[in-house]
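Working through the structure, step by step
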Amino acid sequence: MTNDDLDDEDLYHVTLYSNLAGITDDGLRAGGQGIGSRALDAHRRGKVFMTEAEGISFWAERMENFVNDRYDDVREAEAVPVVLRFAEPDAELEEDAIGTQDAGAGAFYCRCIIDPDEITVWDGKEWTSIEDWESIPWDAGIDEEGYLVWDSPLIPDMD
């Protein structure tokens, strides 16, 4: 996959495979555990965060660090990072200045819910409907010893 495969008008969100059932049922919404420090809790409250294509690798690495710090058994928790894609929401987007500075790519948030019908997920080969989340080979993101793999096929290659 190359940058040409990523639509500049789409936005992306990195989450865990274990969150996909809930997102499929309820949409992408604010809440849950953030991947930043607790000092950022007030900053992220009530917001859905997203990034431009160029920010995917940064946020995927952040998520991997979060998983490595938080989970003893990645396989049992199904705590494998995956990437969601969706069109810019109708709700007003605001720039996430902190995220943009950290990622070196546009980061945004809205106080909205992204409808699951609008969301696709990278399955390691192509973008597929989030409704098909159970068919994603999530364990491709874990090695034999149960650790996250470097260059996971579940993160679109930006090179």
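A brief report on the enclosed structure follows.

Reading the values: rules and limits
- Residues numbered from 1 in each chain as written.
- Predicted model: local features only at pLDDT ≥ 70, side-chain atom pairs only at ≥ 80, totals over all residues.
- Heavy atoms only, no water.
- Core = buried A, V, L, I, M, F, W, Y, C linked by side-chain atoms within 4.5 Å.
- Buried < 20%, exposed > 50% of the residue type's maximum accessible area, 1.4 Å probe, protein only.
- Helix = DSSP H or I, 4+ residues; strand = E, 2+ residues; numbered from the N terminus.
- Expected span 1.5 Å × (residues − 1).
- Arc of directions from axis to C-beta.
- Contact = heavy atoms within 4.5 Å.
- Salt bridge = Lys/Arg side-chain N within 4 Å of Asp/Glu carboxyl O.

Notes on the nonpolar core
Counting 42 residues, the largest nonpolar core has Tyr17, Leu20, Leu28, Val67, Val80, Leu84 and Ile119 as its most contacted members. If you list the elements that add at least two residues to this core, you get β1 (10-16), α1 (20-26), β2 (48-51), α3 (56-70), β3 (81-87), β5 (107-110) and β6 (120-122).

So, α3
Residues spaced three or four apart along an α-helix point in a common direction, a consequence of the helix completing one turn every 3.6 residues. In this model α3 runs 21 Å from its N-terminal to its C-terminal C-alpha over 15 residues, within 8% of the 21 Å that 1.5 Å per residue would give. Taken together, the buried positions of α3 are Ile56, Trp59, Ala60, Met63, Glu64, Phe66 and Val67. Along the axis of α3, the buried residues cluster in a sector spanning 160 degrees; they form a single face. Where α3 is buried, its residues meet β1, β2, α4 (74-77), β3, α5 (97-103) and β5.

Notes on the side chain of Asp10
Of note, Asp10 is situated in strand β1. In contact with Asp10, other than residues within four places in its own chain, are Arg85, Phe86 and Ala87.

A word on the environment of Glu144
Mapped onto the secondary structure, Glu144 falls in the segment after β7 (127-129). By relative accessible area, which is 77% here, Glu144 ends up exposed.

Some remarks on the pattern of salt bridges
Per the stated rule, a full pass over the model turns up two salt bridges. Between Asp10 and Arg85 there is a salt bridge, and its shortest N-O distance comes to 3.7 Å. With Asp10 in strand β1 and Arg85 in strand β3, the pair connects residues that are 75 residues apart, well separated along the chain. The same class applies to Asp10 and to Arg85, which are both buried. For Asp102, the salt bridge is made with Arg62, and the minimal N-O distance between the two is 3.5 Å. Of this pair, Asp102 sits in helix α5 while Arg62 is found in helix α3, placing the two residues 40 residues apart along the sequence. Residue classification places Asp102 among the partly exposed positions, given a relative accessible area of 35%.

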